[in-house]
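Below, each chain spelled out in residue letters.
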Amino acid sequence: MKAFLFPMMLCGSMAVAEDAADMRTFLFIGTSNGAAWEMQIANPADRAASVKGGIEQLGGELLSYYWGLGNGKNYITVALPDDPTFIQAFYVSRLGDGLLDDYQMIELMSSADMATALARVPEIKAADDLK
């Protein structure tokens, strides 16, 4: 089964790998095109299993895999190694397979991480004031 299945992605549980400081969590949202739907109809299967194996081989973790009933989009959450170049390559690898009409990647952060970021806002604003 082709790795194209991963691009039709993600949403779901916010079960973030918070204990893994070397991981970052992402939500992928994909809109499959007609060719992708034809492939899936011809071979119905739970795509999460094949996606999970591919993600794990790359050192990541599949957190959830959902389909949007009514919009046909695929929502997948994954934890990926904290390697910016790897993450960028991972995203770009999905663009050329010709099976998606639309594809988004959104980094998710925990509520605790947001609190830390919010606490740093005054520091950033003070630096802006010095300009």
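These remarks concern the structure in this document.

Calculation criteria
Residues numbered from 1 in each chain as written. Predicted model: local features only at pLDDT ≥ 70, side-chain atom pairs only at ≥ 80, totals over all residues. Heavy atoms only, no water. Helix = DSSP H or I, 4+ residues; strand = E, 2+ residues; numbered from the N terminus. Polar contact = N/O pair within 3.5 Å; in protein donor to acceptor, adjacent residues only side chain to side chain. Pairing = 2+ DSSP bridges. Axes fitted to C-alpha atoms, helices over the stretch in contact; angles between N-to-C directions. Contact = heavy atoms within 4.5 Å.

**Here we look at the environment of G30**
Then step 1. Structurally, G30 can be placed in strand 1 (residues 23–32).
Then step 2. G30 sits 75 residues away from M105 along the chain, and the two C-alpha atoms are 8.8 Å apart.

**Brief notes about the side chain of S64**
Then step 1. Mapping S64 onto the fold places it in strand 2 (residues 61–67).
Then step 2. A polar contact of 2.4 Å, which involves the side chain of S64, links it to the side chain of T77.

**Re the sheet that holds strand 1**
Then step 1. Within the open sheet, the four strands sit side by side as 2-3-1-4. Their pairing is antiparallel. Either end of the sheet is taken by a strand with one partner, and the two such strands are strand 2 and strand 4 (100–108). Recorded for the sheet is a direction-independent mean angle of 15° between the axes of neighbouring strands.
Then step 2. Across the sheet, helix 2 (residues 47–57) touches strand 2 and strand 3 (73–81), and the angle it forms with strand 2 is around 155°.

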